Amino acid sequence: MVHRIAVVALDEFAPLDLGVPGQVFRSARTRNGDKLYEVVTCSPGRRPVSCWAGYTVLPDHDLDILDTADTVLVPGIHGGPPLLEGVIPAELRDALQNRPRIMSICTGAFVLAAAGLLDGRPATTHWADADHFAAMFPAVKLDANVLFVDDGDVLTSAGVASGIDLCLHVIRRDFGSEVANRAARRCVTPPFREGGQAQYIERPLAGADENSTAATRAYMLAHLDAPLDLAALAEHASMSVRTFTRRFREETGLSPARWLTRQRVEHARDLLESTDLGVDQVARRAGFGSAVSLRQHLHAAVGVAPLAYRHTFRRP
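Residues numbered from 1 in each chain as written. Predicted model: local features only at pLDDT ≥ 70, side-chain atom pairs only at ≥ 80, totals over all residues. Heavy atoms only, no water.

Enquirer: Provide a residue-level description of the overall build of the protein, including the pertinent values.
Expert: Tallying secondary structure elements over the protein gives 14 helices and 10 strands in all. For 316 residues, the compact-globule estimate of 2.2 N^0.38 gives 20 Å, and the protein sits close to it at 21 Å. Each principal axis of the C-alpha atoms in the protein carries an extent, and together these give about 60 × 50 × 35 Å. Counting every position in the protein, which comprises 316 residues, the buried fraction comes to 47%. When contacts within the protein are restricted to residue pairs at least 6 apart in sequence, those whose partners lie at least 24 apart make up 61%. With the model as given, the accessible surface of the protein reaches about 15,100 Å², and the carbon-plus-sulfur share is 51%. (Helix = DSSP H or I, 4+ residues; strand = E, 2+ residues; numbered from the N terminus. Rg over C-alpha atoms; globule rule 2.2 N^0.38 Å. Buried < 20%, exposed > 50% of the residue type's maximum accessible area, 1.4 Å probe, protein only. Contact = heavy atoms within 4.5 Å. Areas by Shrake-Rupley, 256 points an atom, 1.4 Å probe, with all protein chains shown as cover.)

Enquirer: Give a detailed account of the packing of aromatic side chains, specifying residues and quantitative values.
Expert: Counting across every chain of the model gives eight aromatic pairs. Relative to Phe137, the ring of Phe110 has its centre 6.0 Å away and its plane inclined at 70 degrees; by these criteria the two rings are edge-to-face. In this pair, Phe110 is assigned in helix 4 (residues 108–114) and Phe137 in the loop between helix 5 (130–136) and strand 8 (141–142), connecting sequence segments 27 residues apart. Neither residue differs from the other here; Phe110 and Phe137 are each classed as buried. Clustering of aromatic rings is evident, with ring pairs tying together Phe25, Tyr37 and Phe175. (Phe/Tyr/Trp six-rings, centres within 6.5 Å; stacked < 30°, edge-to-face > 60°.)

Enquirer: Provide a residue-level description of the pairing of strand 2 (residues 37–42), including the pertinent values.
Expert: By the bridge criterion, six bridges tie strand 1 (residues 3–8) to strand 2 in an arrangement that is parallel. Pairing of Ile5 across the sheet is with Val39, part of strand 2. A crossover links strand 1 with its parallel partner strand 2, the connecting element being helix 1 (residues 15–26), and its sense is right-handed. (Pairing = 2+ DSSP bridges. Right-handed = clockwise from strand over helix to strand, strands pointing away.)

Enquirer: Residues and numbers for a negative patch on the surface, please.
Expert: Where like charges cluster on the molecular surface, the negative patch consists of Asp62, Asp64, Glu91 and Asp94. Along the chain, Asp94 turns up in helix 3 (residues 90–95). Assessed through its relative accessible area of 55%, Asp94 is described here as exposed. (Patch = residues over 30% accessible without salt bridge, like charges linked within 9 Å, V, L, I, M, F, W, Y side chains within 5 Å. Salt bridge = Lys/Arg side-chain N within 4 Å of Asp/Glu carboxyl O. Lys, Arg positive; Asp, Glu negative; His and termini not counted. Charge placed at Lys NZ, Arg CZ, Asp CG, Glu CD.)

Enquirer: Tell me about the environment of Gly278, and name the residues and values.
Expert: The residue Gly278 is located in the loop between helix 11 (256–274) and helix 12 (279–286) in this model. In sequence terms Gly278 and Pro306 are 28 residues apart; their C-alpha atoms lie 9.8 Å from each other.

Enquirer: With reference to specific residues and values, describe the sheet that holds strand 5 (residues 71–74).
Expert: In space, the six strands of this open sheet follow the order 2-1-5-6-10-9, with mixed pairing throughout. Two strands bound the open sheet, and with one partner strand each, they are strand 2 and strand 9 (148–150). In this sheet, neighbouring strand axes are inclined to one another by 15 degrees on average, regardless of whether the strands run parallel or antiparallel. Both strand 5 and strand 6 (residues 102–104) contribute to a ladder of three bridges, which runs parallel. Bridge assignment links Leu73 to a residue of strand 6, and that residue is Met103. (Axes fitted to C-alpha atoms, helices over the stretch in contact; angles between N-to-C directions.)

This is how it looks when you write it as structure tokens:
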């Protein structure tokens, strides 16, 4: 049976946030091309809703469609009572209650919090609005350092592109890594992002079965400064080199070497941003061995040398 996702469009909606669910979930299909999700869009009273980008949308449905949905999703907003006052109309508040699963992208978390759905639960929102959110909704366990939070029947994401991460995570949770990875390829985006924003969702995103490389990936992350050759990693995973390489690519979309380099670059970037370590020390701690190697890899990844990167992004 096709899983129905109902998107609730509100005034001052974030344009990308409103479009992401339809694009990403539409890309989730079986090997035979059968669709796995249906995305419908609604608004209170089926009224037109407008955004800062200069256009208005007329959804096909009113809030009654939520009664037929398996998942309800609230995109981000750039203004209005939920952001300014922490309140939503009673009609909307009532409509959001007791849903099988509810999600928000970006500042859509303000709407869920205003509905009382996040009290006592972990959640996230756009980092730029985190302090305001925390002051307005102190009962919510806000974590502004993550891409998304999966708390079972309530899921929230950080800003803008992290809505894509959350949608892919939901596809992975519903239908497995193969479907999610295929959807990611169709959307021309990574299957998941593990670096850059301290994402704390558990590493075994591909499924915690005995054939997963998740435990070995966690080991690699904990030993980025150590020599990590392919044979030793395969042995850690209790697999042959060939099987390990194949499984690793299936689960991450990358070879072990490319994935490891990406993690080392992200760790080096974090050290350059947050510490006063010399470039040689950063290189050793990130596993590159020398400043020359770090400089080559960092320039390939972000186009600048270590000291230039530190000068631009150094955190006080």
